[in-house]
Amino acid sequence: MQELAFLYNPPEQPAHLKAECADFIVKEELGYEMAGEGEFVALYVRKTDANTLFVGEKLAEFAGISPRNMSYAGLKDRKAITEQWFCLHMAGQETPDFSQFHLDGVEILKVTRHNRKIRTGSLDGNHFEILLRGAQQTDDLNLRLENLKQLGFPNYFTEQRFGRDGHNLTQAMRWAKGEINVKDRKKRSFYLSAARSEIFNLVVSDRIQQQLTQAILFGDIVQLNGSHSWFTVNETEDLEQLKVRLKNQDILLTAPLVGEHIQAANAREMEIVQQHQEILNLMHKERMKPSRRPLLICPQSLDWAFLPEGLKLTFYLPAGCYATALIRELIQIIE
């Protein structure tokens, strides 16, 4: 994993992140309501200092079903207080009495039924409430907060995607070089995601270094904000008009999530992507579907307050975006 560029220059002020679980609160937003009936039991759970997969497996064990019949929309930070949905496939079975379920750090807030499986990624986003302990109000930090609100932050994948000490990326590269064979389905998914996330991050970092985050180039692939629609900027497009749309965040610059086919992009992006031929070969072999992801992301409903304990932030991010990428632009995190 290479050092990535900062959008607003490296921050100088140190502060603590997740000094306590209560300093990092996440509430999941699926974007749809539970049906109240169906073959799935849906549980809305509050977790404190608890691993998502471990809690899900314990819920499945209590219900008497295989962990394979348990799902969730997204992994959440362990050292935090998080609220999220779990889904248990229990067709033809009664809903268990979860008032009898006991696990340290876990509180079941809602139990209902649903007619569809809650799948990984099937959520709208997450609400965050974060305390950066020790952060003090300065002109520099105030400016960074205003910039975040207006322009956003690099939509980097952070360490959660790459695993402890970059383990997932290391294993992905070994797999790509033929040094190991990966049969476990979840490990395959983690490793493939880490590999293409690394390329995405490098493209974003390069664009920042080139000071082109507010520019439109021929060949750019841009996303219509609020949708999953993209189009390629060709030579018939009015670049000045597109630049205005970019400034108004009607459209968003994107970077690649590489797959079995390379999507057309500007020459500089292609140059970076093609430096990773082993990963590209692995993506082709595994028939990964290519996609795009916004280069920058603006936090929604961003608000902040300086307290005696530090800086308190509240904001909302779409699914797949990392709060730690936002925080990286504000402070130096004290380990």
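Structure first, text after, so check above.
Keep in mind the model is a prediction, meaning the values are calculated, not measured.

**Some details on a positive patch on the surface**
Right, so step 1: On the surface, Lys-117, Arg-119, Arg-185 and Lys-186 cluster together into a patch of positive charge.
Right, so step 2: By secondary structure assignment, the location of Lys-186 is in helix H5 (residues 185-209).
Right, so step 3: A residue is classified by how much of its surface remains accessible, and Lys-186, at 41% relative accessible area, is partly exposed.

**Comments concerning the pairing of strand S7 (residues 125-133)**
Right, so step 1: By the bridge criterion, 2 bridges tie strand S1 (residues 14-17) to S7 in an arrangement that is antiparallel. Paired with Leu-17 across the two strands is Leu-132, which belongs to S7.
Right, so step 2: Bridge analysis of strand S2 (residues 24-29) against S7 gives 6 bridges, and the strand direction is antiparallel. Of the residues in S7, the one forming a bridge with Ile-25 is Glu-129.

**Points about the sheet that holds strand S10 (residues 230-232)**
Right, so step 1: Reading across the sheet, the 4 strands line up as S10-S9-S11-S12 and stay open at both edges, with antiparallel pairing between neighbours. Whereas interior strands pair on both sides, the edge strands pair on one side only; in this sheet they are S10 and strand S12 (291-294). Strand-to-strand, the axes of this sheet are offset by a mean angle of 45°, without reference to chain direction.
Right, so step 2: The pairing of strand S9 (residues 221-224) with strand S11 (residues 251-257) spans 3 bridges and is classified as antiparallel. Following the sheet pairing, Leu-224 is matched in S11 by Ile-251.
Right, so step 3: Across the sheet, helix H6 (residues 239-247) lies against S9, S10 and S11, angled at about 90° from S11, the strand it touches most.

**Considering the pattern of salt bridges**
Right, so step 1: Applying the stated rule across the entire model yields 18 salt bridges.
Right, so step 2: The salt bridge involving Glu-28 is made with Lys-76; its shortest N-O contact spans 2.8 Å. Pair noted here: Glu-28 is in strand S2 and Lys-76 is in the loop between strand S4 (70-72) and strand S5 (81-89), with a separation of 48 residues, a long-range link.
Right, so step 3: Judged by relative accessible area, which is 12%, Lys-76 ranks as buried.
Right, so step 4: Residue Arg-46 is joined to Glu-83 by a salt bridge in which the shortest nitrogen-to-oxygen separation is 3.0 Å.

**Things to note about the packing of helix H4 (residues 167-176) against H5**
Right, so step 1: Contact geometry of H4 with H5 gives a least axis separation of 8 Å together with a crossing angle of 95°. Comparing the axis directions of H4 and H5 gives the class roughly perpendicular. Counting all contacts with H4, which are made through His-167, Asn-168, Leu-169, Gln-171, Ala-172 and Trp-175, the residues of H5 involved are Arg-188, Phe-190, Tyr-191, Leu-192, Ala-194, Ala-195 and Glu-198.
Right, so step 2: Of the residues contributing to the contact of H4 with H5, the split by class is 8 nonpolar, 3 polar and 2 charged.

**Here's the deal with the environment of Ala-50**
Right, so step 1: Its place among the elements puts Ala-50 in the loop between strand S3 (40-48) and helix H1 (52-63).
Right, so step 2: The class of Ala-50 is buried, set by a relative accessible area of 7%.
Right, so step 3: Sequence separation between Ala-50 and His-284 is 234 residues, and the spatial gap between their C-alpha atoms is 36 Å.

**Looking at the environment of Glu-20**
Right, so step 1: Along the chain, Glu-20 turns up in the loop between S1 and S2.
Right, so step 2: Of the residues examined, Glu-20 reaches a relative accessible area of 40% and is grouped as partly exposed.
Right, so step 3: Separated by 113 residues in the primary sequence, Glu-20 and Arg-133 place their C-alpha atoms 9.5 Å from one another.
Right, so step 4: Reaching out from Glu-20, the side chain makes a polar contact with the side chain of Arg-133 at a distance of 3.4 Å.

**Concerning H5**
Note: α-helices contain 3.6 residues per turn, so residues at a spacing of three or four share the same orientation.
Right, so step 1: Taking 1.5 Å as the rise per residue, H5 with 25 residues should run 36 Å; its terminal C-alpha atoms sit 37 Å apart, in good agreement.
Right, so step 2: Of all 25 residues in H5, 18 are buried, a share of seventy percent or more.
Right, so step 3: Measuring from the backbone nitrogen of Lys-186 back to the side-chain oxygen at the start of H5 gives 3.1 Å, which picks out Asp-184 as the cap.
Right, so step 4: Of the residues flanking the end of H5, it is Gln-211, one or two places downstream, whose phi is positive at about 55°.

**Looking at H4**
Right, so step 1: If you check which residues of H4 are buried, you get Asn-168, Leu-169, Gln-171, Ala-172, Trp-175 and Ala-176. Relative to the axis of H4, the buried residues are bounded by an arc of 165° and lie together on one face.
Right, so step 2: On the buried face of H4, the contacting elements are helix H3 (159-162), H5 and helix H8 (277-285).
Right, so step 3: Just downstream of H4 lies Gly-178, where phi reads positive at about 80°.

What counts and what doesn't
- Residues numbered from 1 in each chain as written.
- Predicted model: local features only at pLDDT ≥ 70, side-chain atom pairs only at ≥ 80, totals over all residues.
- Heavy atoms only, no water.
- Patch = residues over 30% accessible without salt bridge, like charges linked within 9 Å, V, L, I, M, F, W, Y side chains within 5 Å.
- Areas by Shrake-Rupley, 256 points an atom, 1.4 Å probe, with all protein chains shown as cover.
- Salt bridge = Lys/Arg side-chain N within 4 Å of Asp/Glu carboxyl O.
- Lys, Arg positive; Asp, Glu negative; His and termini not counted.
- Charge placed at Lys NZ, Arg CZ, Asp CG, Glu CD.
- Helix = DSSP H or I, 4+ residues; strand = E, 2+ residues; numbered from the N terminus.
- Buried < 20%, exposed > 50% of the residue type's maximum accessible area, 1.4 Å probe, protein only.
- Pairing = 2+ DSSP bridges.
- Axes fitted to C-alpha atoms, helices over the stretch in contact; angles between N-to-C directions.
- Contact = heavy atoms within 4.5 Å.
- Parallel < 35°, antiparallel > 145°, perpendicular 65-115°, else oblique.
- Nonpolar A, V, L, I, M, F, W, Y, C, P; charged D, E, K, R; others polar.
- Polar contact = N/O pair within 3.5 Å; in protein donor to acceptor, adjacent residues only side chain to side chain.
- Expected span 1.5 Å × (residues − 1).
- Arc of directions from axis to C-beta.

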